[in-house]
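# Observations on the model geometry
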Amino acid sequence: MTRLLHLSDLHFGTEQPHLVAEVLALAHQLRPDAVVISGDLTQRARAGQFAAARAFVDRLPGPVLVVPGNHDMPLGNLPLRLIAPLARHARAFGADPEPGLRLPGAVVQGVNTANPWAWKSGRLRPASVARLSAAFAAAPPAACRIAVLHHAPVPAAADMADPAGTLAALADAGAQVVLSGHTHMPHAGFAETAAGVLFLQVGTAVSTRLKTATNDFALLDLTPGELRLRSWLAPLGGAFAEGPPARFRHGATGWRRV
């Protein structure tokens, strides 16, 4: 079994300290093989916020894959945003905004959808698609192929440039599961134009920037042909409690909910 912990939209600078401590404690209890964080680690891409996010990541178990989000580029410093939008992110998390992980049962490939020319919306670049395709083509046949990006191509299509093209490109690249965030709302489902691809997103794990009245994060347990999704939810000011799980099976036509 391969176990992934999925966090997103930490927005350090607006974090709730008690939830930071809870997530760290639960992460160590759950013992994932890897942690993925799908962007927006900071609220305003400030050096102190990146330092706090880096300190949090350093306390998580196992390898951690981090991709940037739109909040991880400076808002007020226009020259830096246009010339080196991810310079501060790179200092905190490394020069490659599209890292990858090879695990016994999965290949996980990060995708940078942050767009310095737009404040909120993201884009999928041709170079990222080529990198996805290469990583998934080189994966063992039985490995689950997982893409991690900040902007959710479904259901919030308005926040992704060319959403239909993005869905087609992800499917054509061989993605089987797409993990994302950005909307601050959890979602698990499919898209008609990317049949068989499973789209999973989480809200904000620790920030006060809520849209559903709860913080949340998810755990994926992968076995050959099956994915079990478990979620933890915390009402504002409250503690995390596990929610109802969901199960998906993978067959000749892709994933389906069971």
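Figured I'd write up the structure that's included with this text. (Residues numbered from 1 in each chain as written. Predicted model: local features only at pLDDT ≥ 70, side-chain atom pairs only at ≥ 80, totals over all residues. Heavy atoms only, no water.)

Turning our attention to the overall build of the protein. A count of helices and strands for the protein gives six helices and 14 strands. A globule of 258 residues ought to have a C-alpha radius of gyration of about 18 Å, and the protein, at 17 Å, matches this closely. Each of the three principal axes of the protein carries a C-alpha extent, and together these read 50 × 40 × 30 Å. Here the protein holds 258 residues, and 55% of them are scored as buried. Put simply, 68% of the contacts in the protein that link residues at least 6 apart link residues at least 24 apart. (Helix = DSSP H or I, 4+ residues; strand = E, 2+ residues; numbered from the N terminus. Rg over C-alpha atoms; globule rule 2.2 N^0.38 Å. Buried < 20%, exposed > 50% of the residue type's maximum accessible area, 1.4 Å probe, protein only. Contact = heavy atoms within 4.5 Å.)

This part covers the pattern of salt bridges. One pass over the full model with this rule turns up seven salt bridges. In this structure, E226 engages R249 in a salt bridge whose closest nitrogen and oxygen atoms are separated by 3.3 Å. Taken together, the positions of E226 in strand β11 (residues 226–235) and R249 in strand β13 (residues 246–251) put the pair 23 residues apart, joining distant regions of the chain. Overall, the relative accessible area of 35% leaves R249 in the partly exposed class. Between R230 and E242 there is a salt bridge, and its shortest N-O distance comes to 2.8 Å. Here R230, found in strand β11, pairs with E242, found in strand β12 (residues 241–242); they are twelve residues apart in sequence, far enough to count as distant. When its relative accessible area of 14% is taken as the criterion, R230 is described as buried. (Salt bridge = Lys/Arg side-chain N within 4 Å of Asp/Glu carboxyl O.)

Before going further, it helps to examine the nonpolar core. By size, the foremost hydrophobic cluster in this structure holds 30 residues, and its most contacted members are L7, L10, I37, F56 and F217. Listed by contribution, the elements that provide at least two residues to this core are β1 (2–7), α1 (17–30), β2 (34–38), α2 (47–58), α4 (87–93), β10 (214–223) and β11. For this core, the element with the highest residue contribution is α1, accounting for seven residues. Leaving out residues up to four positions away in the same chain, F56 has contacts with L7, L10, F12, V20, V23 and L24. Listed in part, the 25 residues of the second largest apolar core include L101, C144, F248 and W255. (Core = buried A, V, L, I, M, F, W, Y, C linked by side-chain atoms within 4.5 Å.)

Looking now at helix α6 (residues 163–172). Along α6, the positions that sit buried rather than exposed are T166, L167, A169 and L170. Considered in projection along α6, the buried side chains sweep an arc of 165° and stay on one side of the axis. One or two steps after α6, the chain reaches G174, where phi turns positive at roughly 100°. (Arc of directions from axis to C-beta.)

This next bit is on α1. Here α1 is 14 residues long and its end C-alpha atoms lie 20 Å apart, about the 20 Å a rise of 1.5 Å per residue gives. Residues of α1 that are buried include every one of L19, V20, V23, L24, L26, A27 and L30, and no others. Among the structural elements, β1, α2, β10 and β11 are those in contact with the buried residues of α1. Once α1 finishes, R31 follows within two positions and takes phi at roughly 55°, a positive value. (Expected span 1.5 Å × (residues − 1).)

Most of strand β6 (residues 144–148) is tucked away: five of the five residues are buried. By the alternation rule, side chains of β6 split into C144, I146 and V148 and R145 and A147, which are all buried. Note that β6 and strand β7 (residues 177–180) share three bridges and pair parallel. Across the sheet, residue A147 finds its bridge partner in β7, namely V178. (Pairing = 2+ DSSP bridges.)

Strand order across the open sheet formed by six strands is β4-β5-β6-β7-β9-β8, with mixed pairing between neighbours. Because the sheet does not close on itself, it has two edges, and the strands there are β4 (100–103) and β8 (187–189). If you compare each strand with its neighbour and ignore which way they point, the axes differ by 15° on average. Pairing analysis gives four bridges linking β4 to strand β5 (residues 106–110), with the strands arranged antiparallel. Bridging from a neighbouring strand, L101 pairs with V108 of β5. Against the sheet, helix α5 (residues 126–137) touches β4, β5 and β6, its axis set at about 165° to β5. (Axes fitted to C-alpha atoms, helices over the stretch in contact; angles between N-to-C directions.)

These results come straight from atomic positions and should not be treated as a statement about function.
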